[in-house]
2 protein chains.
Amino acid sequence: MSAPASKSPATLHDVAREAGVSLATASRSLNGSARKVNESYRLRVVEAAQRLGYTTNLFAQAVAKGSTTTVALLVADIADPYFSSIAAGVIDAASEENLVVTIAVTGRDSQRELDTVRALRGQRPRVMILAGSRTTGSPFEEHLRAELSSFEDTGGKVAFISQDAAPFATVLLDNHGGARDLAVALAGLGYRDVAVIAGPAEIRTAQERLAGFTAGLAEHGVRLPAERIIHADFTRDGGYRGTQELLAAGAGVDLIFAVNDVMAVGVVSALRDAGLVPGQDIGVAGYDDIPTVRDITPALTTVRIPLEDVGRRALRLATGTAHDGDGTGASAGFGAIPTETVIRESTPPR
Amino acid sequence: MSAPASKSPATLHDVAREAGVSLATASRSLNGSARKVNESYRLRVVEAAQRLGYTTNLFAQAVAKGSTTTVALLVADIADPYFSSIAAGVIDAASEENLVVTIAVTGRDSQRELDTVRALRGQRPRVMILAGSRTTGSPFEEHLRAELSSFEDTGGKVAFISQDAAPFATVLLDNHGGARDLAVALAGLGYRDVAVIAGPAEIRTAQERLAGFTAGLAEHGVRLPAERIIHADFTRDGGYRGTQELLAAGAGVDLIFAVNDVMAVGVVSALRDAGLVPGQDIGVAGYDDIPTVRDITPALTTVRIPLEDVGRRALRLATGTAHDGDGTGASAGFGAIPTETVIRESTPPR
DNA sequence: CCGAGGCTGGTAAGCGCTTTCTCTGTTACT
DNA sequence: AGTAACAGAGAAAGCGCTTACCAGCCTCGG
């Protein structure tokens, strides 16, 4: 190594001395500045920095400038493809703007979510993106709102993903509409005896999808009796157990709609384990179109959300980089993200 | 809100004034310190902080203390379940130690990986965890090493996940052994005409798995001719296309081993699309045991790696929190992570 | 030929926090 | 009672960086 391998990183001061210029000049030549500096000086500084293996201390820079390059992303569970796809989008868009993404996981726990937001504020991120599903009636909801408002008051930006969150910017997912369209399509295929594995009762995304689905069925005169709605965990195992419960109740059902794909995957497995052929004996549909549902058997009917795009959009929404006319090209404004019903083998016509 | 909603966040200075104490006292009472502070003072400070909605500016704190609470995690693709599971583990272990995790994605591009490491150094993270697969013979490899060494020289810690990375701490994944065991098990089931969809030739993880698998087969006298080894992308689509290629070559094969699960998922789909019944006509095996492979049809034979655990372990290895005797309880030392062959329906006995 | 600007380096005052050191007020002994 | 030893609060000096602000130097126009 040519680097002197000291015990602490080289500072700008070191670089300035090595280059024989002042601190100010060094700063100006290394980190953009409106001021011009003589090319020969600049070169000397850059070379000195190179030689010493100097990298700007972003923290110190942040302190001095009073603004950071951090984006905080809160997700319920990073291992869930839904969230990791969104995260991929956020990270992608962030790196375009030279922002660094910090990810925290809240595990669908409002208390913990609140704590996390508090802790994250210490990072003074430029923007905070909350992707965990909002719940209704949580006692922490109000505190969260307050915390976020105060964050915005002090110059931060927040963006929500999913349902409208009052005063904050939101990438709206049209859960109701998507589920409604799906229901219409399925009813059109001839399904009549429907059950829904819904998420936890207090999660709004789950509520909306359930409501939309019910509405869509109603348009075709299909009723969804209350006992055909099973609330379960928002996970693969939730879907599995919900299905067991449903089957145990002995309902004669020709279609199961799980309010998200990971649950639907659980449904398929549960059906199979119960000796039924998913798709053939009972149709199955999910929501989200996570990558895997294309590959399971039968391929799952679902509602596509352009997840990565949603992530990207959330970031841009928050940073104010309108930047439209890219990617899908669809939906220029700030309306809800368009969803698309994708019929696959898991719901053959009846 | 009772907070005055000023234009910039409350500073410690504000808190001190509000509480009528000195800056030093405020600092001492809010953020741990060896020094004791009169309880009544402490209370006043805490209340004032509460009232003003104060949160410590972590950056400033970092600058003053000269150390941060950040962990940087580099992954190839956060949307890949392999990496997102690892990330979940890292984040989990990190939050236990009050560390914040920053995730950057490198997209399996050595150049970009190097750039990212450089950029991340600016954050002065306490530890850097590299989970992307190492490649062999990349011209950037040496630079990366240098950059990381210099990072360690200046007080950082580096941990690699996967194969031994010379002077740096590593959570060793026994790719060779795992693949070998798998091959032995499969040969034991009667498979004889084997093909491998290997990853890109330069990725070490792929190489090792291929080598281990070949060795395992050899133990049972099964040969793996070179034309039965197809190199393809490390993704689902890579597996798909590799399989198409294989089938086009018209080889009479009874088993396809894909060097990772996402590729194996692609293999299954490709077989099916070619009118074959995976598992029945041709056995399929993968590697990693990502959550989804349990749920696809046929359920996939694979090699289990406790991914979250690997993430946790990487963090602890780097922070020096030995902290053993938890979770799985398995493997106390720093040996390779134990893998386990999981035979499922995709490889019925022949 | 001189003063007004325009450039561009350097000096120094912060940014929000920690921490050393000083200094005053107590407590504990002889 | 007098002093040593000890707390514990506050003043102030940083941490690494940015950015007014000041000071030379050069270029022009009158």
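Calculation criteria
Residues numbered from 1 in each chain as written. Chains lettered and ligands numbered in written order. Predicted model: local features only at pLDDT ≥ 70, side-chain atom pairs only at ≥ 80, totals over all residues. Heavy atoms only, no water. Near = heavy atom within 4 Å. Polar contact = N/O pair within 3.5 Å; in protein donor to acceptor, adjacent residues only side chain to side chain. Helix = DSSP H or I, 4+ residues; strand = E, 2+ residues; numbered from the N terminus. Nonpolar A, V, L, I, M, F, W, Y, C, P; charged D, E, K, R; others polar. Contact = heavy atoms within 4.5 Å. Least-squares fit on C-alpha atoms with pLDDT ≥ 70 in both. Phe/Tyr/Trp six-rings, centres within 6.5 Å; stacked < 30°, edge-to-face > 60°. Buried < 20%, exposed > 50% of the residue type's maximum accessible area, 1.4 Å probe, protein only. Buried area = accessible area lost by both parts, 1.4 Å probe. Salt bridge = Lys/Arg side-chain N within 4 Å of Asp/Glu carboxyl O. Pairing = 2+ DSSP bridges. Axes fitted to C-alpha atoms, helices over the stretch in contact; angles between N-to-C directions.

Next up on the list: the protein's contact with DNA strand D. Residues in close proximity to DNA strand D total 27 residues, the closest being A:Leu12, A:Ser27, A:Tyr54, A:Gln61 and B:Arg35. The protein-proximal atoms of DNA strand D, defined as those within 4 Å of the protein, are 60% sugar or phosphate. Taking B:Thr25, its side chain carries an N or O atom lying 3.0 Å from a phosphate oxygen of DNA strand D. For DNA strand D, a base oxygen lies 3.3 Å from a polar atom in the backbone of B:Ala64. For the surface near DNA strand D, the secondary-structure elements that each account for two or more residues are α2 (23-30) and α4 (58-65) of chain A together with α2 (23-30) and α4 (58-65) of chain B. Per-element tally for the surface near DNA strand D: the top contributor is α4(A), with five residues. Across the surface near DNA strand D, the residue classes break down as twelve nonpolar, nine polar and six charged.

Within the structure, DNA strand C sits among 27 residues, and A:Arg35, A:Asn38, B:Leu12, B:Ser27 and B:Gln61 are positioned closest to it. For DNA strand C, the fraction of atoms within 4 Å of the protein that belong to sugar or phosphate moieties is 57%. In this structure, B:Ser27 approaches DNA strand C through a side-chain N or O atom, which is 2.5 Å from a phosphate oxygen. Those elements that provide at least two residues to the surface near DNA strand C are α2 and α4 of chain A together with α2 and α4 of chain B. A per-element tally of the surface near DNA strand C places α4(B) first, with five residues. A breakdown of the residues in the surface near DNA strand C according to their chemical character gives twelve nonpolar, nine polar and six charged.

Residue and element names in this part refer to chain A. Mapped onto the secondary structure, Asn175 falls in helix α8 (residues 175-188). Reaching out from Asn175, the side chain makes a polar contact with the side chain of Glu208 at a distance of 3.2 Å. Apart from the residues lying within four places of it in its own chain, the contact partners of Asn175 are Ser162, Gln163, Thr205, Glu208, Arg209 and Tyr287.

With an RMSD of 0.1 Å, the fit of chain A onto chain B corresponds to turning through 180° and sliding 0.0 Å along the axis. Seen this way, the second copy is the image of the first under a two-fold rotation axis. Take the interface residues of chain A: 100% of them recur as interface residues in chain B, which is what a same-surface contact looks like.

Attention shifts here to the packing of aromatic side chains. If you walk through the whole model with that rule in mind, you get seven aromatic pairs over all chains. Pairing A:Phe59 with B:Phe59 gives two aromatic rings, centres 4.5 Å apart and planes at 15°, and the pair type is stacked. Placement of the pair is A:Phe59 in helix α4 and B:Phe59 in helix α4, with the two residues belonging to separate chains. Each member of the pair, A:Phe59 together with B:Phe59, is buried.

If you look at the interface, chain A gives 53 residues, while chain B gives 53 residues. For the pair chain A and chain B, the summed buried area comes to about 4,300 Å², and 59% of that belongs to carbon and sulfur atoms. Considering only the surface of chain A that becomes buried against chain B, A:Phe59, A:Arg124 and A:Asp295 emerge as the three largest contributors, covering 17% of it. A:Arg236 is the salt-bridge partner of B:Asp295, the closest N and O atoms lying 2.6 Å from each other. Linking chain A with chain B are 14 residue pairs in polar contact (both at pLDDT 80 or more), by the criterion used here. Listing elements by their share of the side of chain A that touches chain B, those giving two or more residues are α4, α5 (81-96), β2 (100-105), α6 (110-121), α7 (141-153), α10 (236-248) and α11 (261-273) of chain A. Considered class by class, the residues forming the side of chain A that touches chain B number 22 nonpolar, 19 polar and twelve charged.

Residue and element names in this part refer to chain B. In spatial order, the strands read β7-β6-β8-β9; together these four strands make up an open sheet with parallel pairing. Edge positions in the sheet fall to β7 (229-231) and β9 (283-285), since each of these pairs with one other strand and no more. Taken over all neighbouring pairs, the strand axes of this sheet differ in orientation by 15° on average, direction set aside. Two strands pair when backbone bridges link them, and strand β6 (residues 194-198) and β7 are joined in this way by three bridges, in the parallel orientation. By the bridge assignment, Val196 is partnered in β7 with Ile229. On top of the sheet, helix α9 (residues 204-219) reaches β6, β7 and β8 (255-258); it is set at about 170° to β6, its chief contact.

So yeah, pure geometry; function would need other evidence.
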